[in-house]
Amino acid sequence: MVHCSCVWFRKYGNFIDNLRLFTRGGSGGMGYPRLGGEGGKGGDVWVVAHNKMTLKQLKDKYPQKRFVAGEGANSRVSALKGSKGKDCEIPVPVGISVTDENGKIIGELNKEKDRILVAEGGLGGKLLTNFLPLKGQKRIIHLDLKLIADIGLVGFPNAGKSSLLSQVSHAKPAIADYAFTTLKPQLGKIMYNDFKQISVADLPGLIEGAHMNKGMGHKFLKHVERTRQLLFVVDISGFQLSSQTQYRTAFETIILLTKELELYKEELQTKPALLAVNKMDLPGAQDKFHELMHQLQNPKDFLHLFEKNMIPERTMEFQHIIPISAITGEGIDELKSYIRTSLDEHANQEDDTYHKKQLLNLQISNTIPYSEPPPKNSVTSPR
């Protein structure tokens, strides 16, 4: 029987964010009925995270996209207990979500050397199986890369995200005077004087209805999930996608962006967020900014202006609101400083939470009987 080993991937230029792989655990070895010998268990297939790996490298290195573990050794007179088959390891980047063919999450790999068992080897032949070996588990898996940057820029098209990215980092995105400048993720890094680097992703612009997969829709929102913090970028003059669509003020833009995130996945609203109000070099921008600040301080007073289905359950709370001009450079240094402070504060909070959790686990482990610990860094899930 021929197994499908084709690969499906989505890419933006050379940027691949999804791969489909065929995996199979090794078959067990034959038992030895006359002497009661047991065949070796088949090898397992693991997905293992490596810092310097990319999905493109994986695709280029293994064009067949088939990963099959070794078979267990047969039982024989000189070795009644057959040895286990060789495990197969699939090297993947850090920040990968692994799902099965039905979209069910098998596990996530968030740091170097994290590993997930994706296909178990079959048992070797023994008395229980009439000394006949069992075949290994077969599974088609999907690898989804989501963690691509510390900061994700969130905004409707033409808010000036690409211009901002080129201002704060060394990225050189193509910038044009039309709505959809960014059709693929642009990655840049902010470099600080003490050599600290913070990665920033300018993602394809959202449009109203993105949660229903309009425009770049879900591709965009999927990437937003795996940025540590959000940086909303809005045009102080408001936004209009085309002459057929309604004009939105800066405040309306923020409310609608919030609603799109909420409709896709409510947890996105709990991410720390900053707001950059762009194009402050335009005439009348200062007056509009004061009005926007008033609206953001008292959002409930203005929500009656929206249709009910456009009002988010909770409004976004921004840690800092920074007026900027990506064209003149106004406010850019302040924005860089706020981004750094915000990331550092939350990294400290995450460390505190992690240490408290570790302490709690230690207290719990002291009150329950000892049991065999799982292998280091292993992440398994029920099949």
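What you see is a predicted model, and the numbers here were worked out from it, not measured in a lab.

Here is what the cut-offs are and how they apply
Residues numbered from 1 in each chain as written. Predicted model: local features only at pLDDT ≥ 70, side-chain atom pairs only at ≥ 80, totals over all residues. Heavy atoms only, no water. Helix = DSSP H or I, 4+ residues; strand = E, 2+ residues; numbered from the N terminus. Buried < 20%, exposed > 50% of the residue type's maximum accessible area, 1.4 Å probe, protein only. Areas by Shrake-Rupley, 256 points an atom, 1.4 Å probe, with all protein chains shown as cover. Expected span 1.5 Å × (residues − 1). Salt bridge = Lys/Arg side-chain N within 4 Å of Asp/Glu carboxyl O. Patch = residues over 30% accessible without salt bridge, like charges linked within 9 Å, V, L, I, M, F, W, Y side chains within 5 Å. Lys, Arg positive; Asp, Glu negative; His and termini not counted. Charge placed at Lys NZ, Arg CZ, Asp CG, Glu CD. Pairing = 2+ DSSP bridges. Axes fitted to C-alpha atoms, helices over the stretch in contact; angles between N-to-C directions. Phe/Tyr/Trp six-rings, centres within 6.5 Å; stacked < 30°, edge-to-face > 60°. Lys NZ or Arg CZ within 6 Å of the ring centre and 35° of its normal. pLDDT = per-residue confidence, 0-100. Contact = heavy atoms within 4.5 Å.

What about the overall build of the chain?
Here's step 1: A tally of regular secondary structure across the chain gives six helices and 17 strands.
Here's step 2: For the chain, buried positions account for 48% of its 383 residues.
Here's step 3: By element, 53% of the accessible surface of the chain is carried by carbon and sulfur atoms, the whole surface being about 20500 Å².

Some words on helix α4 (residues 250–264)
Here's step 1: Counted at 1.5 Å a residue, the expected span for α4 with its 15 residues is 21 Å, and the 22 Å between its end C-alpha atoms agrees.
Here's step 2: Of all 15 residues making up α4, 13 are buried, and the element is well covered by its neighbours.

A closer look at the pattern of salt bridges
Here's step 1: All chains considered together, the criterion is met by 15 salt bridges.
Here's step 2: Of the charged contacts, one joins Lys81 and Glu38 as a salt bridge, the two residues approaching to 3.5 Å between their closest N and O atoms. Pair noted here: Lys81 is in the loop between β5 (66–68) and β6 (88–93) and Glu38 is in the loop between β3 (18–24) and β4 (45–50), with a separation of 43 residues, a long-range link.
Here's step 3: We classify Lys81 as exposed; its relative accessible area is 58%.
Here's step 4: Across the pair Asp235 and Lys279 runs a salt bridge, and its minimum N-O distance is 3.2 Å. A residue pair is termed long-range when its members are at least 10 positions apart, and Asp235 in strand β14 (residues 227–235) and Lys279 in the loop between β15 (273–278) and α5 (285–297) qualify at 44 residues.

Describing a negative patch on the surface
Here's step 1: A surface patch of negative charge is lined by Asp281, Glu330, Asp333 and Glu334.
Here's step 2: Tracing the chain through its elements places Asp281 in the loop between β15 and α5.
Here's step 3: Here Asp281 falls in the partly exposed class, since its relative accessible area comes to 37%.

What to know about the sheet that holds strand β10 (residues 138–145)
Here's step 1: Reading across the sheet, the five strands line up as β5-β3-β10-β7-β8 and stay open at both edges, with mixed pairing between neighbours. Each end of this open sheet is capped by a strand with a single partner; those strands are β5 and β8 (105–109). In this sheet, neighbouring strand axes are inclined to one another by 25 degrees on average, regardless of whether the strands run parallel or antiparallel.
Here's step 2: For β3 and β10, the ladder comprises seven bridges, and the chain directions are antiparallel.

Here we look at the packing of aromatic side chains
Here's step 1: Evaluated as defined, the whole model comprises four aromatic pairs.
Here's step 2: Ring geometry for Phe232 and Phe318: centres 5.1 Å apart, planes at 75 degrees, overall edge-to-face. Of this pair, Phe232 sits in strand β14 while Phe318 sits in the loop between α5 and β16 (321–323); the two residues are 86 residues apart in sequence, bridging distant segments of the chain.
Here's step 3: Each member of the aromatic cluster is reached from another via a ring pair, and the members are Phe251, Phe302 and Phe306.
Here's step 4: Taking NZ or CZ as reference, Arg115 lies 4.6 Å from the ring centre of Trp46, over its face.
Here's step 5: Positioned above the aromatic ring of Tyr192, the side-chain terminus of Arg340 is 5.1 Å from the ring centre.

Comments concerning the confidence of the model for the chain
Here's step 1: In the predicted model, the chain carries a mean pLDDT of 80, and 75% of its residues have values of at least 70.
Here's step 2: Segment residues 210–217: pLDDT under 50, and 17 contacts once partners within four positions in sequence are set aside and those in other chains are kept.

Section: the environment of Val45
Here's step 1: Within the element layout of this structure, Val45 appears in strand β4.
Here's step 2: According to the relative accessible area criterion, Val45 is buried, its value standing at 0%.
Here's step 3: Taking C-alpha positions, Val45 is 8.4 Å from Gly26, a pair spaced 19 residues apart along the chain.
Here's step 4: Look past the residues within four positions of Val45 in its chain and what remains in contact with it is Thr23, Arg24, Gly25, Phe67, Ala69, Cys88, Ile90, Ile116, Leu117, Val118 and Ala119.

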